[in-house]
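# Architecture at a glance
Letter by letter, the chains look like this.
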Amino acid sequence: MQKISYCDLHCDTVTKCLDAGANFFNGNLHSSIKNLTLSGATAQCFAIFTEGANAKDYFFKCLKFYSEQIIKNERYLAPVTNFSEYKTARKNKKIACVLTVENLGFIGEDLSLINRLKKLGVCMASLVWNNKNSLASPNLVCENGKANPFKRCNAGLTDLGKSAIKALCENKIIIDISHLSDGGVNEILSSVRLPVVASHSNAFSVRRVSRNLQDSQIKKIADLGGVVGVNFCRAFLGKGDAFNAILKHINHLILVGGEEVVAFGSDFDGITAPKKLQSAKKMPNLLSFLRKRLPARVCEKLFYKNFERVFKEVRG
């Protein structure tokens, strides 16, 4: 099948590869370099996921591993921190690698770390994952020690979290609101001026779980010029054929926020992938499916143009 260019806003491949001792090029990973090359990926956002007491040390361990893998696989990969570098990567037919952080809780009260993250090449970051930290609360609610994926959290940002958002804006690090509580999301969307992304989130009106975005949030993201990366996790897509479920979320995002708000955020290597999307190398099947059902201009925006626009506007 012909390879079609696309960009993906989120995968957990770096941490999964390091933790499992897998081979970054051709190991048992959704988004191994081999699979990404076969998929036609233009850009891949590689998240460093952090959680727990040793999260700060773990972040730097992952960063070292990521940097080593980029060098080791420089025939296929190019690290990019701005749009000029992105264009060069495309010209040289390499996958543009965008470094992101999932869960900034490891910075604690040291906001100067955000300045350091910029110097280390971090282009996008989220405040929180599934557990409350010093910055924010997640959208996942736990009751009696059990997660309730159907209940939403309205808690806002902490004072430190508000300061962190300001520092991210000052450093032109793209703010990622996936996993964040409704209160935190609404505070950010009403206070920032740069585009904001939800790197791997779907539409609540299509699948009513707390990880998915409400229509009002989608609209505000669109108003800021941001994007929502559709997540391939079955629990967030809903029942039925995975491709049809993805299309339903895409169509709803467009209905609410317009054609400029849609993107991909696979969450590969962080999810149990649907059978039809068992790895990135299956992406051409999805892209071909969508091209038959969406106008060409919408596919271009969804596949890569919307990501490129946000990346250029925020990162320069």
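Residues numbered from 1 in each chain as written. Predicted model: local features only at pLDDT ≥ 70, side-chain atom pairs only at ≥ 80, totals over all residues. Heavy atoms only, no water.

## Description of the state of the cysteines
To keep it simple, the criterion reads: Pairs of cysteine sulfur atoms within 2.5 Å are identified as disulfides in what follows. Between buried and exposed lies partly exposed: a residue is buried under 20% and exposed over 50% of the maximum accessible area for its type, with that area taken using a 1.4 Å probe on protein chains only.
In this structure the tally under the stated criterion is 0 disulfides. Left without a disulfide partner, Cys 11 is nearest to the cysteine sulfur of Cys 45, which lies 8.3 Å away. Using a relative accessible area of 1% as the deciding quantity, one classes Cys 45 as buried.

## A few points about the pairing of strand β10 (residues 227-230)
Quick reminder of the rule: Strands are runs of DSSP state E lasting at least two residues, helices are runs of H or I lasting at least four, and both sets are numbered from the N terminus onward. Being paired, for any two strands, means DSSP has found at least two bridges between them.
Going residue by residue along β10, you find Val 227 and Gly 229 tucked away on one face and Val 228 and Val 230 tucked away on the opposite face as well. Sheet topology note: the strand β9 (residues 197-198)/β10 ladder contains 2 bridges and is parallel. Directly across from Val 197, in β10, lies its bridge partner Val 227. In this structure, β10 lies alongside strand β11 (residues 262-264), joined through 3 bridges in parallel fashion. Looking at the pairing, Val 228 lines up with Val 262 of β11.

## Considerations on the environment of Ala 136
We apply this condition: Whether two residues are in contact is decided by their heavy atoms, any of which lying within 4.5 Å being enough.
Its location among the elements puts Ala 136 in the loop between β5 (122-126) and β6 (141-143). On the basis of relative accessible area, Ala 136 is assigned to the buried category, the value being 1%. Separated by 21 residues in the primary sequence, Ala 136 and Leu 157 have C-alpha atoms spaced 4.8 Å apart. With sequence-adjacent residues up to four places away left out, Ala 136 is seen in contact with Leu 127, Val 128, Leu 157, Thr 158 and Leu 180.

## Focus on the pattern of salt bridges
Cut-off, in case you're wondering: Here a salt bridge means any side-chain nitrogen of Lys or Arg lying within 4 Å of a carboxyl oxygen belonging to Asp or Glu.
Scanning the model with the defined rule gives 12 salt bridges in all. When the shortest N-O distance is used, the salt bridge between Arg 152 and Asp 182 registers 2.7 Å. Remark: Asp 182 occurs in helix α7 (residues 182-191) and Arg 152 occurs in the loop between β7 (146-148) and α6 (159-170); sequence separation between them is 30 residues. Of the two residues, Arg 152 and Asp 182, neither departs from the other in class, the shared state being buried. A salt bridge links Lys 162 to Glu 187; the nearest nitrogen and oxygen atoms lie 3.9 Å apart. Of this pair, Lys 162 sits in helix α6 while Glu 187 sits in helix α7; the two residues are 25 residues apart in sequence, bridging distant segments of the chain.

## Some remarks on unusual backbone geometry
Phi at Lys 93 is positive, roughly 60°, even though this residue is not glycine. Judged by relative accessible area, Lys 93 falls into the exposed class, the value being 78%. The backbone of His 179 sits at a positive phi, close to 80°, despite the residue not being glycine. By the secondary structure assignment, His 179 is in the loop between β8 (174-176) and α7. We classify His 179 as buried; its relative accessible area is 6%.

## Looking at the side chain of Asn 148
Definition in use: Under the rule applied, a polar contact is a pair of N or O atoms within 3.5 Å (in protein, one hydrogen donor and one hydrogen acceptor; residues adjacent in sequence only if both atoms are side-chain atoms).
By the element assignment, Asn 148 lies in strand β7. Here Glu 143 takes part through its side chain, which lies 3.1 Å from a polar atom of the side chain of Asn 148. The residues contacting Asn 148, other than those within four sequence positions of it, are Leu 140, Val 141 and Glu 143.

## Description of the packing of helix α11 (residues 283-291) against helix α12 (residues 296-315)
To be explicit about the condition: Helix axes are fitted only over the stretch in contact, all axes being lines through C-alpha atoms; the angle between N-to-C directions runs from 0 to 180 degrees. Each angle is binned into one of four classes, with values under 35 degrees roughly parallel, values over 145 roughly antiparallel, values of 65 to 115 roughly perpendicular, and all other values oblique. Residue classes follow a fixed rule: Ala, Val, Leu, Ile, Met, Phe, Trp, Tyr, Cys and Pro count as nonpolar, while Asp, Glu, Lys and Arg count as charged, and any other residue, Gly among them, counts as polar.
Contact geometry of α11 with α12 gives a least axis separation of 10 Å together with a crossing angle of 150°. In terms of their interaxial angle, α11 and α12 are classed as roughly antiparallel. Residue-level contacts link Leu 287, Leu 290 and Arg 291 of α11 to Cys 299, Leu 302 and Phe 303 of α12. In terms of residue class, the contact of α11 with α12 is built from 5 nonpolar, no polar and 1 charged.

## With respect to helix α3 (residues 55-72)
As a reminder, the rule being used: Take the number of residues in a helix, subtract one, and multiply by 1.5 Å to get its expected span.
Compared with the 26 Å implied by 1.5 Å per residue over 18 residues, the 25 Å span of α3 between its first and last C-alpha is a close match. All of the buried residues along α3 are Ala 55, Phe 59, Cys 62, Leu 63, Phe 65, Tyr 66, Gln 69 and Ile 70. Close packing links the buried residues of α3 with α1 (13-20), β2 (41-49), β3 (77-79), β4 (95-102), α5 (112-119) and β5.

## Section: the packing of aromatic side chains
What counts is decided by this rule: Aromatic pairing here means that ring centres of Phe, Tyr or Trp (its six-membered ring) are within 6.5 Å. Orientation follows from the plane angle: under 30 degrees is stacked, over 60 is edge-to-face, and everything else is tilted. Counting as a charge over the ring demands two things of the Lys NZ or Arg CZ atom: a distance within 6 Å of the ring centre and an angle within 35 degrees of the ring normal.
Scanning the entire structure with this criterion turns up 16 aromatic pairs. Arranged with centres 6.5 Å apart and planes meeting at 85°, the rings of Tyr 6 and Phe 264 form a pair that is edge-to-face. With a gap of 258 residues between them, Tyr 6 in strand β1 (residues 6-11) and Phe 264 in strand β11 connect regions that are remote in the sequence. Phe 264 matches Tyr 6 in its accessibility class, with the two residues each being buried. Aromatic pair Phe 83 and Tyr 86: ring centres 5.5 Å apart, planes at 25°, arrangement stacked. Here Phe 83 pairs with Tyr 86, and both are found in helix α4 (residues 83-91), just 3 residues apart, close to one helical turn. Judged by its relative accessible area of 13%, Phe 83 falls in the buried class. Three or more aromatic residues joined by ring pairs make a cluster, and in this case those are Tyr 6, Phe 232, Phe 264, Phe 268 and Phe 303. Directly above the ring of Tyr 304 sits Arg 90, whose terminal nitrogen or CZ lies 5.3 Å from the centroid.

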